[in-house]
Structures are given as C-alpha cells and as structure tokens.
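# Structural overview
This is what each chain is made of:
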Amino acid sequence: MQRYYPRSFLRLLVIGFSLVALPLIFALINTTISVDQIANRSQRAVYQAVQATQSSRRLAELLTTMERTARQTVILGDRSLLDAYNVARKQLLQTAALFAYLPFDGEQKQALDQIVRGEAAIFAVLSDSRATAPQLRDAVEDFVGLAEYAQTITERSNALIDREIGALRAAAAQAQRITFWQLLALVPVVVFLVIGFSLLIARPISQIDAAIRQLGRGQFAAPVAVSGPQDLEQLGERLEWMRRELLELEQQKNRFLRQVSHELKTPLTALREGAELLSEEAVGRLTAEQREITEILRHNSVELQKLIEDLLSYGASQFRKVTVDLEPVGIRQIIEHVAGDQRLAIKARGLALQVAADDVMLSADPEKLRVVLDNLVSNAVKFSPAGGFIRIEARHDDGALELDVIDQGPGIAPGDRSRIFDPFYQGRHTGASRVGGTGVGLSVVKEYVFAHGGSVEVVDSRQGAHLRVRLPLTRTDEGAA
C-alpha cells in the first residue's frame with residue numbers, strides 16, 4: 001500500500017508532533033474553560049450569598065429598630081420620634097430595592113412584598129394624627145408578622161446558598177468526569193498517533209540503515225529502496241547509485257582476477273612441467289647443486305599454482321553462488337590426500353606433520369572439503385618456522401566434525417581476527433615463504449565451509465595459529481547442487 005509522505009523529513013516531524021500535541025492541547029483548553037466557568041460561578045455565588053446574608057440581616061435589624069421606635073411613639077405619645085422612624089423606613093426601602101438584584105425565589109419575593117406593604121400600612125396609621133390609641137397599638141403589633149417574614153427571607157436565603165453550593169459541587173464533579181473521560185479517550189488516540197508516526201519516521205531510517213549495513217558487508221545484489229519523505233528518498237537514490245558503482249567495481253575486479261589467473265595459469269603450467277622434467281633428469285643427470293635448484297623451482301611453481309587456484313576459486317565463488325555436491329566422505333582420506341599434496345612444501349621447510357584423526361564419516365563435497373583443508377595446511381606451512389610442526393586433529397563432536405589445524409608460527413594478532421577471513425586481507429605477520437600470498441585462501445575456506453552449513457573460527461592458543469572448522473555430519477540436499 002502506497003503511503004503518503006510530506007516532501008521533507010522536517011515537515012514529517014512537525015506534522016507528527018503537531019498531531020500528537022493537538023488532542024492534548026484540546027483537552028487542556030477544554031479543562032481550562034470548565035475550570036474558569038466553575039470559578040466564575042463560584043465567585044458569583046459567594047458574592048450573592050454575602051449580599052443576601054447582609055441584606056437579610058440588615059432588613060431584620062431595620063424592622064427591629066422601626067418596631068422599637070413605633071412602640072416608644074405610642075407609649076410616650078411623642079410624635080417627634082417619627083423622624084427617627086422615617087430615617088429607618090428610608091433605609092428599609094433601600095434595602096428592599098437591593099433585593100431585586102439578588103436571585104430570590106417566589107416565596108422570598110412574596111415575603112418581601114408583604115413586609116413592604118405591611119410597613120406601609122403601619123406607617124399610614126402612625127403618621128395619621130387622628131389615629132386612636134387602640135389603632136396605634138394594633139399597628140405596632142403588626143411588626144411581629146413582619147419579623148416573621150424577614151425570618152422567612154433569611155431562611156430561604158440560607159437554603160438558596162446551600163442549594164447553590166450543591167449545584168457547584170455537582171458542576172465540579174461533572175467537569176471532573178468530563179475531563180477524566182476526555183483523557184481516557186485521548187490516551188489511545190495519542191498512543192495511536194505516536195506509534196503511527198514513529199513507524200512512519202523509523203521505516204525510512206531503518207531502510208537506510210539496512211542499506212548501509214548491506215553495502216558495508218559487500219552485498220551489492222539487492223537494490224536499495226527507501227520510501228519516505230522526498231529528501232530521504234533522494235538519499236536512498238544516492239545509496240542505490242553507490243551500490244551500482246560498487247557492484248560494477250566488484251564485477252570488474254572479478255573479471256580482472258579471472259582473466260589474470262587464466263593468463264598466468266598457462267605459462268606457469270609450462271614452468272612446472274619443465275621443472276618436473278628437470279627433476280626427473282629427462283635431459284641428463286644432474287649434480288647435487290642442480291638438483292637443489294630444480295627442487296626450488298618445482299616447489300615455488302607449485303606454490304604459484306596454488307595461489308592462482310585460490311584466485312580462480314575466489315573468483316568463481318563471487319561470480320556465482322557456491323554449491324556443494326554432497327556424498328559420503330571419510331575425513332581420513334581427505335587428510336591423506338592433502339598431506340600428499342603438501343609433502344614437498346612441508347619437506348622443503350623441514351616441518352613435521354602430526355595427524356590425530358578419528359575415522360569420521362560425513363556428508364560433504366569431497367573436492368571442496370579438500371580445498372578447505374589444503375588452504376588451512378598451506379597457510380600453516382607458510383607461517384611455521386623451519387623445523388617446527390603442523391598438527392591436524394579431527395574428531396566427532398555432538399553431531400558434527402571438528403577439524404583443527406595448529407601451527408607454531410607467530411599466530412594471529414587479536415586485531416586481525418575479525419578480518420582474517422575477508423577477501424585479500426593479509427595479517428600483520430608475513431610468512432617465511434618466498435612467494436607472497438594473495439589473502440584469498442582463508443576467504444575461500446569461509447565460503448566453502450558456509451556452503452556446507454558449517455563454521456570456521458580462530459581458537460585462542462598460547463603459541464601459533466589454531467583454526468577450527470565445524471561441519472555437520474549430515475545435511476539435506478537443500479542448497480546443494
């Protein structure tokens with residue numbers, strides 16, 4: 001499925017972070033609005049509660065003052081006291097007017113209207129100069145009913161405050177529930193966005209990383225493909241261009257090796273045959289000095305032929321996949337064959353060959369197994385000091401053949417172990433042979449051992465090099481020729 005990517009990696013990051021942050025910002029804004037609404041409502045409720053409490057208390061105090069003044073007027077018969085009553089009456093009317101701005105219910109408004117009308121009736125009697133004493137006493141007694149109305153207003157105000165507090169608590173609980181469910185719903189959304197954009201971002205980066213590792217391992221067959229933002233795709237195209245160039249260089253190198261190896265093989269064959277004829281005294285009897293020179297020519301021609309065969313084997317393994325023709329093979333026969341091939345080289349160096357081999361049978365390609373052991377022994381001969389020994393060990397170990405080749409040379413430096421099986425790599429120590437190596441012998445060993453499903457490694461040794469090959473005793477024909 002084709003994925004849509006922005007034109008640049010930076011834009012992909014910006015879009016990813018924005019989409020991840022957007023739900024969180026939405027939840028934060030929504031929570032802020034809810035908290036602000038609850039805070040404003042609480043502020044209004046507190047203000048109205050204070051106003052209602054103060055106004056109710058003021059109303060009750062004014063009615064008490066007016067009742068006391070009215071009783072004094074009636075008892076003393078001093079109408080001049082009505083001036084103080086008028087002052088209190090004006091304050092009462094002002095306080096009643098303030099109640100209009102408060103959230104009163106119907107019962108409170110009705111009680112307030114009763115207070116205003118009742119007080120007006122009392123004032124009418126008190127201010128009437130013709131009112132009789134009984135009328136005045138009855139009017140004053142009406143303040144008792146007004147006080148009850150004032151008490152009703154106070155109680156209803158307290159009830160309204162309690163109800164408003166309950167409503168605030170309910171609103172806060174609802175806002176809390178809404179916030180909780182919003183966060184609960186946003187968590188999977190944010191997780192989905194984070195995982196989705198992480199995959200989108202990681203996919204092209206992992207493709208680039210895999211391509212670089214592939215090129216670093218020298219694997220140039222698979223094309224480099226990077227899908228993602230345009231700038232990363234351009235980087236993938238450059239890596240693909242590099243792969244093609246490296247592949248072309250690798251092919252040119254292999255062609256050069258094959259051509260040079262074939263060109264050298266013909267004259268070298270003639271040289272070796274000439275050395276063989278001389279050593280067999282086909283042109284006449286040789287003196288001891290002549291025989292020694294002939295032996296040197298023959299030995300070095302064999303070593304040169306071995307190097308050329310290594311180059312041809314390496315070129316063939318790089319040109320096509322290494323295949324093996326499996327058949328039952330006895331490891332002792334392979335060791336005897338290699339020992340015979342290396343007899344002259346071992347003798348020329350004054351070395352001793354020690355063999356400790358069990359009679360192990362395995363399913364392998366005899367020719368490639370011979371090349372593996374021959375390269376290991378040839379490498380040991382090259383680096384062993386004159387008069388030393390080379391040891392070959394073969395044994396059965398947990399369903400596998402364990403084949404060891406040990407010499408008394410300078411060994412393999414720790415810094416060389418990771419690359420000793422790489423093509424054309426030569427370690428820090430040089431051998432004692434007059435003919436230099438190519439650095440492909442051990443790489444051919446690795447290719448052929450891997451083709452058998454085995455492994456090759458450098459084993460720690462106090463002196464000399466110790467190389468170990470493990471091959472399975474039985475193997476299916478899958479991957480074989």
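Packing of helix H7 (residues 331-341) against helix H9 (residues 366-383) brings their axes to within 9 Å, and their N-to-C directions diverge by 50°. The orientation of H7 with respect to H9, classified from their angle, is oblique. For H7 against H9, the interelement crossing comes out right-handed. Residues Ile 331, Ile 334, Ile 335, His 337, Val 338 and Asp 341 of H7 form the contact with H9, whose participating residues are Pro 366, Leu 369, Arg 370, Leu 373, Asp 374 and Val 377.

A few words on the sheet that holds strand E6 (residues 455-458). One open sheet holds the five strands; their spatial order is E2-E4-E5-E7-E6, and the pairing between them is mixed. Of all strands in the sheet, those with a lone pairing partner are strand E2 (352-357) and E6, marking the two edges. The sheet shows a mean angle of 15° between the axes of neighbouring strands, direction not considered. Note: strand E4 (residues 389-396) against strand E5 (residues 400-406), six bridges, orientation antiparallel. The residue of E5 that forms the bridge with Arg 395 is Glu 402. Lying on the sheet, helix H10 (residues 441-451) is in contact with E6 and strand E7 (466-472); it crosses E6 at an angle near 140°.

To continue, consider the packing of aromatic side chains. A full pass over the atoms with the stated rule returns three aromatic pairs. Between Tyr 85 and Phe 143, the aromatic rings sit 6.4 Å apart at their centres with planes inclined by 75°, giving edge-to-face as the arrangement. One end of the pair, Tyr 85, is in helix H2 (residues 82-98); the other, Phe 143, is in helix H4 (residues 133-216), and 58 residues separate them in sequence. No difference in accessibility class separates Tyr 85 from Phe 143, as the two residues are buried.

The next point concerns the side chain of Gln 342. As for its position among the elements, Gln 342 is in the loop between H7 and helix H8 (343-348). Not counting residues up to four positions away in its chain, the partners in contact with Gln 342 are Asp 374, Val 377, Ser 378 and Val 381.

Looking at the chain as a whole, its pLDDT mean stands at 78, while 85% of the residues score no less than 70. Across residues 431-437, confidence stays below pLDDT 50; counting only partners more than four residues off in sequence or on other chains, it has 18 contacts. This stretch, residues 477-481, has a pLDDT under 50; its non-local contacts, to residues over four places away or in other chains, come to seven contacts.

Okay, the side chain of Asp 374 next. Take Asp 374: it is sitting in helix H9. A distance of 3.0 Å separates polar atoms of two side chains, one belonging to Asp 374 and the other to Gln 342.

Turning our attention to the nonpolar core. Within the largest apolar cluster, 41 residues are counted, with the highest numbers of intra-cluster contacts made by Ile 331, Leu 369, Leu 373, Leu 376 and Val 469. With eight residues, the top contributor of residues to this core is H9. Once residues within four sequence positions are removed from consideration, Leu 373 is found in contact with Ile 334, Ile 335, Val 338, Ile 392, Leu 403 and Val 405. Counting 26 residues, the second-largest nonpolar core is a separate cluster that includes Tyr 85, Ala 111, Ile 115 and Ala 139.

There is a patch of nonpolar side chains on the surface, built from Val 187, Val 191, Ile 195 and Leu 199 and spanning about 360 Å² of accessible area. In this fold, Val 187 is placed in helix H4.

Residue placement: Ala 49 occurs in helix H1 (residues 9-76). For Ala 49, a relative accessible area of 15% gives the class buried. On a C-alpha basis, the gap between Ala 49 and Asn 158 in space is 8.1 Å, while along the polypeptide they are 109 residues apart.

Looking now at the pattern of salt bridges. The final tally for this structure, using the stated rule, is 17 salt bridges. For Arg 243, the salt bridge identified is with Glu 240, shortest N-O distance 2.7 Å. Separated by three residues within a single helix, Arg 243 and Glu 240 lie in helix H5 (residues 230-279), roughly one turn from each other. One exposure class covers both Arg 243 and Glu 240, and it is buried. Close ionic contact of Glu 402 with Arg 468 constitutes a salt bridge, the shortest N to O distance being 3.9 Å.

Packed helices, taken two at a time, are described by the angle between their axes plus the distance between the axes. Where helix H3 (residues 106-127) meets H4, the axes come as close as 9 Å, and the angle between the chain directions of the two elements is 160°. Put simply, H3 runs roughly antiparallel to H4. Crossing handedness for the pair H3 and H4: left-handed. Among the residues making up the contact of H3 with H4, the classes are represented as 14 nonpolar, six polar and four charged.

Residues of H7 that are buried include every one of Ile 331, Ile 334, Ile 335 and Val 338, and no others. End-on, the buried residues of H7 take up no more than an arc of 100°, which puts them together on one face.

Conventions and cut-offs
Here the residue numbering is sequential within each chain, running from 1 through the sequence in written order. Local features are withheld for residues below a pLDDT of 70 in this predicted model, meaning they are given only at 70 or higher, and side-chain atom pairs are given and counted only at 80 or more; totals for whole chains, interfaces and linings count all residues. By convention in this description, side-chain values take in all heavy atoms of the structure and omit both hydrogens and water. Note on definitions: angles span 0 to 180 degrees between N-to-C directions of axes, and those axes are lines fitted to C-alpha atoms, for helices only across the stretch in contact. Only DSSP runs of H or I covering at least 4 residues are called helices, and only runs of E covering at least 2 are called strands; the numbering of each starts at the N terminus. The labels follow the angle: roughly parallel below 35 degrees, roughly antiparallel above 145, roughly perpendicular from 65 to 115, and oblique for the rest. The hand of a helix crossing depends on one turn: near helix anticlockwise from the far one by less than a right angle means left-handed, and clockwise means right-handed. A contact between two residues is defined here by any heavy atoms of the two lying within 4.5 Å. A pair of strands is treated as paired once DSSP finds two or more bridges between them. Two aromatic rings, drawn from Phe, Tyr or Trp (for Trp, its six-membered ring), form a pair once their centres lie within 6.5 Å of each other, and the interplanar angle then sorts them: stacked below 30 degrees, edge-to-face above 60, tilted otherwise. A 1.4 Å probe rolled over the protein chains alone gives each residue an accessible area, and that area as a share of the maximum for its type sets the label: buried under 20%, exposed over 50%, partly exposed in between. The predictor attaches a confidence to each residue, called pLDDT, with possible values from 0 through 100. Under the rule applied, a polar contact is a pair of N or O atoms within 3.5 Å (in protein, one hydrogen donor and one hydrogen acceptor; residues adjacent in sequence only if both atoms are side-chain atoms). In this text, buried Ala, Val, Leu, Ile, Met, Phe, Trp, Tyr and Cys residues form a nonpolar core when linked through side-chain atoms within 4.5 Å. Exposure above 30% relative accessible area and the absence of a salt bridge qualify a residue for a patch, where like charges join within 9 Å and nonpolar side chains (Val, Leu, Ile, Met, Phe, Trp, Tyr) within 5 Å. For the accessible areas, the method is Shrake-Rupley and the probe is 1.4 Å, while residue cover comes only from the protein chains on display. For this document, the term salt bridge refers to a Lys or Arg side-chain nitrogen within 4 Å of an Asp or Glu carboxyl oxygen. Amino acid classes used here: Ala, Val, Leu, Ile, Met, Phe, Trp, Tyr, Cys and Pro are nonpolar; Asp, Glu, Lys and Arg are charged; the rest, including Gly, are polar. Here the arc refers to the directions that run from the helix axis out to each C-beta atom.

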